[in-house]
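Structural description and commentary
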Amino acid sequence: FSVETTLNKMAAVSAQPRLSFDHDLRHAYSPISLRLSSGAKSLDGVLEIMRMRIEAESVFCNSLQKIIGCSTNLMSHIPSTESIRRDGLDALYSDLKNEYTQRMAYLNSLK
């Protein structure tokens, strides 16, 4: 291979016409636009589902907090030596507090 042959090949490559949107790429515009539009709608749907999920978790956490408050009030009226408190309400209260803590951590991770 000579330098002249290599230069001739390079000249042939650079002499090819450049692609233009009007002549070569217009056919691709419509399908690409359609995909972009449908993709944006899909992302909007995903974002709406996430917003609804966060809202539902927030409502659930607020409800748990109210239940914990009622449980605390109820337990204050029952002596700690009573079996219903010792074997039932204390365990239920601990379960509610644990659930609330986990849900709040999850909710904070979503925001």
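Residues numbered from 1 in each chain as written. Predicted model: local features only at pLDDT ≥ 70, side-chain atom pairs only at ≥ 80, totals over all residues. Heavy atoms only, no water.

**Focus on the side chain of Ser-71**
Along the chain, Ser-71 falls in helix H2 (residues 21–76). The buried category is assigned to Ser-71, whose relative accessible area is 13%. Sequence-distant contacts of Ser-71, defined by excluding residues within four places in its chain, comprise Tyr-93 and Leu-96. (Helix = DSSP H or I, 4+ residues; strand = E, 2+ residues; numbered from the N terminus. Buried < 20%, exposed > 50% of the residue type's maximum accessible area, 1.4 Å probe, protein only. Contact = heavy atoms within 4.5 Å.)

**Brief notes about the nonpolar core**
Core analysis: the largest hydrophobic core is formed by 10 residues, namely Cys-61, Leu-64, Ile-68, Met-75, Ile-78, Leu-89, Tyr-93, Leu-96, Tyr-100 and Leu-107. Of all the elements in the fold, those that place two or more residues in this core are H2 and helix H3 (83–110). Of all the elements, H3 adds the most residues to this core, at five residues. Apart from the residues lying within four places of it in its own chain, the contact partners of Tyr-93 are Ile-68, Ser-71, Thr-72 and Met-75. (Core = buried A, V, L, I, M, F, W, Y, C linked by side-chain atoms within 4.5 Å.)

**Overview of the side chain of Arg-85**
Positionally, Arg-85 belongs in helix H3. Residues in contact with Arg-85, not counting those within four places in the same chain, are Met-75, Ile-78, Pro-79, Ser-80 and Asp-90.

**Some details on the pattern of salt bridges**
Should their charged atoms come close, side chains of opposite charge can pair. Taken as a whole and judged by the stated rule, the model has seven salt bridges. Salt-bridge contacts for Arg-103 lead to Glu-57; the nearest nitrogen and oxygen are separated by 3.0 Å. Residue Arg-103 is located in helix H3, and its partner Glu-57 is located in helix H2; the two are separated by 46 residues in the primary sequence. Linking Arg-86 and Asp-87 is a salt bridge whose minimum nitrogen-to-oxygen distance equals 3.7 Å. (Salt bridge = Lys/Arg side-chain N within 4 Å of Asp/Glu carboxyl O.)

**Some thoughts on H3**
The end-to-end C-alpha distance of H3 is 40 Å, a good match for the 40 Å that 28 residues give at a rise of 1.5 Å each. Largest kink in H3: about 35 degrees, centred on Leu-89. When H3 is considered as a whole, its buried residues turn out to be Arg-85, Leu-89, Tyr-93, Leu-96, Tyr-100 and Leu-107. (Expected span 1.5 Å × (residues − 1). Bend = angle between axes of the 7 residues up to and from the residue.)

**Topic: a nonpolar patch on the surface**
A contiguous nonpolar surface patch, about 310 Å² in accessible area, is contributed by Phe-21, Leu-25 and Tyr-29. With respect to the helices and strands, Phe-21 occurs in helix H2. Here Phe-21 falls in the partly exposed class, since its relative accessible area comes to 39%. (Patch = residues over 30% accessible without salt bridge, like charges linked within 9 Å, V, L, I, M, F, W, Y side chains within 5 Å. Areas by Shrake-Rupley, 256 points an atom, 1.4 Å probe, with all protein chains shown as cover.)

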